[in-house]
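Below are the chains, spelled out letter by letter.
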Amino acid sequence: MTQTCLVGRQSEQGELNRLLDSTIDKHGKLVLVAGEAGMGKTRLVEECLRQSSFLVLKNAASETATPSYAPIIAILRAWLRTGDVADFTGCDSLTPYLASILPELGIAPNKSDQATLFEAITCAIGSIVRQQPTVIFLDDLQWADNATLELLPILATALQQEHLLTIGTYRSDEIPRGHPVRRLRTELRRAKQLQEIVVEPLGQEDTGRLAEQVLGQTPSPSLIATLYDRTQGMPLFVEELAATLGKSERLQKGSGGLELIPGQDLPVPDTLRDAILLRLDGLSDEAIRFLEIAAVAGPQFDLESVLNLAENESGLDELVERGLIEETKSGQGAFRHALTREAIYEEILWIRRRRLHRQLAEHLEASNAPPELVAKHWLAGREMNKARQSLLLSTQKSCRIHAYRDAAMVGRRALEIWPEGEEETLRLEVLDQLGNCAQLCGMLADAARAWREVAEGRREAKDKRPFAEVQRQLATVYELQGAWGRALLARQAAADAFAASNTPGEAAAERLAMAAHLQEEWSYSRALDIVVVAAEEAERAGRHDLIARAMGIKGHITAKLGQFEAGREITEAALELALKHNLSGPASEIYFRLAGIHEHSANYVASRDTFLTAINYCDTKGISAMGQLCMSCVAGIMTQIGEWQQAFSLCREVLAQAESVEIRMLAVFYLGMIHAYRGESNRAHKLIFEAMTLARQRGLERKTFVFKGYLAMINDLEGEYDAAVENYRLYLKHWKEWEERHYVLTVFRWAATFFANRGDKKETQACVQELSQIAKVTSNAEALASLAYALGENAVLDNDVSEAARQFDLALEFLSQLEVPLQRAQTELRAGVALVAAGERRTGIEHLVNAYQTAHKLGARPLAGKAAEELAQLGESIDKHLSPRAARQIKSGGLTRRQLEVVRQVSLGKTNQEIADELTLSSRTIDMHVGNILNKLNCRTRAEAVRKAGELGLLD
């Protein structure tokens, strides 16, 4: 067929040319060219590249089988063949790792991983690009291997400041849900790097232009209409159909150009397949035989293999002349278009097709062809046992080069055709390998499914250790999925099996993992029981590392259950043991636990110092994960002791480098609380919600309830009272399910004030009762102070101001032993109000001034504003007691941001329901806001409040 010029693709060509121009300026890109089969995607790209000065490295994936990294390997080899200077400059330390996919470079290192291989490939391509502006053209990505598709986003990111344009084409009609190309597009979209050109069908006018090129004469409007009606503008179909009609002698010249001869019996083909098959008329038997063998071999094929099976070379020349087959690089052949091959393949009788596949498989196997290609032909030839052997070889090959997703998928195919009851030991080994590969590429459900089957197969074996090992792997996968219940059961099964196989050290390790998680979930008693057994097993194994870890966990839990001194002594002994034996991992963990004990005993300064020691130790020993965890936790301690700026910086540092969901969750949470204390409630709200999302992502449901308690505090600050009530009540309902008695104190204090201010006796007394239970268990100064504070709020609710003042003073006495400035300021505020009401005005004012000064120094604007507001309502001079700035703030009436929004809506004459609709709040919440506005502005009516707000300049 005559080569035609590109028609109707001016817009797409312009976009590709623009990308080529920007690549010259070192704006590297990855662009995907999408369109249905036959739309001319490849032709479009090749035409643009033909006119450019770029080095073009091209490869196409094959429908029959594409080995892992095959397109990338072909591109790197193509570069190495370009001459003596074609090397990978600047990749000296990484070049050996390329040998795992390019054996001609030497022997690959024994130890490697996927990240290092990706880095080596990136470096190699970068070295090519730095020598000459380059286009990497990867055709037919819908057939590409997973490893190549996983590499592309990494290349796009790493080389975006280089002279590199990567172009990938794919058939948009052949990527169903779950297809690897969809994952690629999703990843690029998330990284804001997805750039896609969609090639659409030609219009009727362009269909006529393309037909004119093929026919060599102008087609009539009626013929163009017929062509367009049949082809719907698919360029390949237009070319095939026009060529078929042109050679059929069924066209004649009419007044408007070529047209169909009326009355002829040759039908116009309705499908592309029909048009292709019509072009085969008149081919010799030799050409047909060669064509069938080539179609079985694939869209691209080894000429020698096909010629050997055809046993006659004469058919090849005939096919090349007809434009059905073309010789590409040395020794390779290809169909002009994959759809041509598909149409011919479908026409081959199934029995002949199977025989040809078997013959090709034998030939390829004898010539050491890639096992995945051999397997494809054995499968198509229905030789399942031979296919299975090739699939297993392919799985091992992909594993060796870290193409784990490809390995998992091929391994699964081998297992699907495994004969029932045969070679069961080998089958379990393959399943185990499948589980490993699936886990490494993030296919966690597949990994769990494989290992469950392995566990079932090994359950009754006399040697329990293999069963224990697979249960351990299952537990890890369940943890990654956030399925903690299943993970604990799997760890229990692993521990018991290790114990039964006389490996007590491994059993202890599993039990300690269980105990650590149960401790995180605040199931302390259950965790302690498990630790006791683990400690005994660790002693029998003589494992100092496990003994130290068991002691550390035991001490930590003992302290959390209220025995602080005993817990601290056990944990310090554990640390001494770990340091004595230079056990850096256990020592870093025990430092963390010792800091936690100081925190739970309310010795925040000691906790901070121990966490900082732990961070330094982790930095020295290179233990990054534990160091980051300690950084997150010390940020929480610094928030308690008033070092907010340092805490803020630490959280930001952690979020910039931490990958662990739990560590990020803590950093996000503490950032949210700092914003809340500063009065930046919108930002705080978003961060607490993000922390809750992260907790759910890891299956830490109890953490979400804790965060809801703090969310209630933010609702309170925002004046979102309905939401605050709901979240506080949810917290009160669920906290008894936990054995945690420290992290709840802050929420209960805020809840007591909130419910007391609302006149809710039942809920206020509930806070008192809960804090009373906690104080009995822990008896530390913070718990006792919190109880006294809640009793003070309860007394306020009972109008017993003298008792309220006494309880708040008692709380302050306990707090004087601690370094908790925000908590002290909050208590001084409430004490000041109560003392003034009890007739001790001077002392009460001193407390209010102290509360303001402490809150102002911290940057706790809502609390400072409340203290200043209380002084103003007493008629005290704000200038005298506080500062002129505080006086100016008081002039705002002490309204919150939300209350200012409401009063401005009131000034417009809107009803409460209208305001609720405008601000997306409940009408009840607006009712409460309006009531609070009237109280704060000392007004009796809405009109009076609007007038007062206007005088204060609040309506501007």
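Conventions and cut-offs
Residues numbered from 1 in each chain as written. Predicted model: local features only at pLDDT ≥ 70, side-chain atom pairs only at ≥ 80, totals over all residues. Heavy atoms only, no water. Pairing = 2+ DSSP bridges. Helix = DSSP H or I, 4+ residues; strand = E, 2+ residues; numbered from the N terminus. Axes fitted to C-alpha atoms, helices over the stretch in contact; angles between N-to-C directions. Disulfide = S-S within 2.5 Å. Buried < 20%, exposed > 50% of the residue type's maximum accessible area, 1.4 Å probe, protein only. Core = buried A, V, L, I, M, F, W, Y, C linked by side-chain atoms within 4.5 Å. Contact = heavy atoms within 4.5 Å. Phe/Tyr/Trp six-rings, centres within 6.5 Å; stacked < 30°, edge-to-face > 60°. Lys NZ or Arg CZ within 6 Å of the ring centre and 35° of its normal.

*Asks:* So what exactly am I meant to see when it comes to the sheet that holds strand β9 (residues 325-327) here?
*Replies:* Consider a sheet: its strands pair through backbone hydrogen bonds, and that pairing is either parallel or antiparallel. Pairing within the open sheet is antiparallel, and its 3 strands lie in the order β8-β10-β9. The open sheet terminates on both sides in strands that have one partner only, identified here as β8 (300-302) and β9. The mean angle between the axes of side-by-side strands here comes to 30 degrees, regardless of whether they run parallel or antiparallel. Across 3 bridges, the pairing between β8 and strand β10 (residues 332-335) is antiparallel. Bridge pairing in β10 places Phe301 opposite Gly333.

*Asks:* I'm lost on the state of the cysteines in this one. Help?
*Replies:* Disulfide: a covalent bond connecting the sulfur atoms of a pair of cysteines. Scanning the model with the defined rule gives 1 disulfide in all. The disulfide bridge from Cys91 ends at Cys123, spanning 2.0 Å between sulfur atoms. The chirality of the disulfide connecting Cys91 with Cys123 is left-handed, given an S-S dihedral of about -105 degrees. You can see Cys91 sitting in the loop between α3 (70-80) and α4 (95-98) and its partner Cys123 sitting in helix α5 (residues 114-131), a full 32 residues away along the chain. Grouping residues by exposure puts Cys91 and Cys123 together as buried. Cys48 takes part in no disulfide bond, and the closest cysteine sulfur to it belongs to Cys5, at a distance of 14 Å.

*Asks:* What should I look at first to understand the nonpolar core in this one?
*Replies:* The tendency in soluble globular proteins is for nonpolar side chains to be buried side by side. By size, the foremost hydrophobic cluster in this structure holds 134 residues, and its most contacted members are Phe707, Tyr728 and Phe748. If one sorts the elements of this core by residue count, helix α32 (residues 661-677) sits on top with 13 residues. Those residues within four positions of Phe748 in sequence are excluded, and the remaining contacts are Tyr731, Leu732, Trp735, Cys767, Glu770, Leu771 and Ile774. Counting 49 residues, the second-largest nonpolar core is a separate cluster that includes Leu373, Ala414, Ala455 and Ala490.

*Asks:* Help me out: how do you make sense of the side chain of His600 in this one?
*Replies:* Note that His600 resides in helix α28 (residues 584-600). Not counting the four nearest positions on each side in its chain, His600 is found in contact with Lys560, Phe564, Glu740, His742, Tyr743 and Asn780.

*Asks:* Got a minute to help me understand unusual backbone geometry in this structure?
*Replies:* When glycine is set aside, most residues are seen to have a negative phi, and most peptide bonds are trans. A positive phi angle is found at Gln232, which is not glycine, with a value near 55 degrees. Take Gln232: it is sitting in the loop between α9 (221-231) and α10 (235-247). A positive phi angle is found at Asn799, which is not glycine, with a value near 60 degrees. Take Asn799: its relative accessible area is 66%, and that puts it in the exposed class.

*Asks:* Help me out: how do you make sense of the packing of aromatic side chains in this one?
*Replies:* Given two aromatic rings, one states the distance between the centres and the angle between the planes to describe the pair. By the definition in use, this model includes 20 aromatic pairs. On the basis of an interplanar angle of 80 degrees and a centroid distance of 5.3 Å, the ring pair of Trp735 and Phe748 is categorised as edge-to-face. Taken together, the positions of Trp735 in the loop between α35 (721-734) and α36 (745-757) and Phe748 in helix α36 put the pair 13 residues apart, joining distant regions of the chain. In this structure, Trp735 and Phe748 share a single accessibility class: buried. One aromatic cluster is present, formed by Trp522, Tyr731, Trp735, Trp738, Tyr743 and Phe748 through successive ring pairs. Just above the ring of Tyr345 sits the side chain of Arg341; from NZ or CZ to the centre is 4.7 Å.

*Asks:* Is there a simple way to think about the sheet that holds strand β1 (residues 29-35) in this case?
*Replies:* As summarised here, the arrangement of the 5 strands in space is β2-β3-β4-β1-β5, forming an open sheet in which the pairing is parallel. For this open sheet the edge positions go to β2 (55-60) and β5 (195-198), each flanked by a neighbour on one side alone. Across the sheet, the mean angle from the axis of one strand to that of its neighbour is 20 degrees, orientation sign disregarded. Both β1 and strand β4 (residues 164-171) contribute to a ladder of 7 bridges, which runs parallel. Each bridged residue has a counterpart across the sheet, and for Leu32 the counterpart in β4 is Gly168. Lying over the sheet, helix α7 (residues 180-190) contacts β1, β4 and β5, oriented at roughly 135 degrees with respect to β1.

*Asks:* Quick question: what am I supposed to make of the pairing of strand β7 (residues 257-260) here?
*Replies:* Two faces belong to every sheet, and in a regular strand the side chains alternate between them. With 4 bridges connecting them, strand β6 (residues 251-254) and β7 associate as antiparallel partners. The residue bridging Leu251 from the neighbouring strand is Leu260, located in β7. In this structure, the hairpin formed by β6 and β7 is closed by a connection of 2 residues.

Honestly, it's all geometry; don't read function into it.
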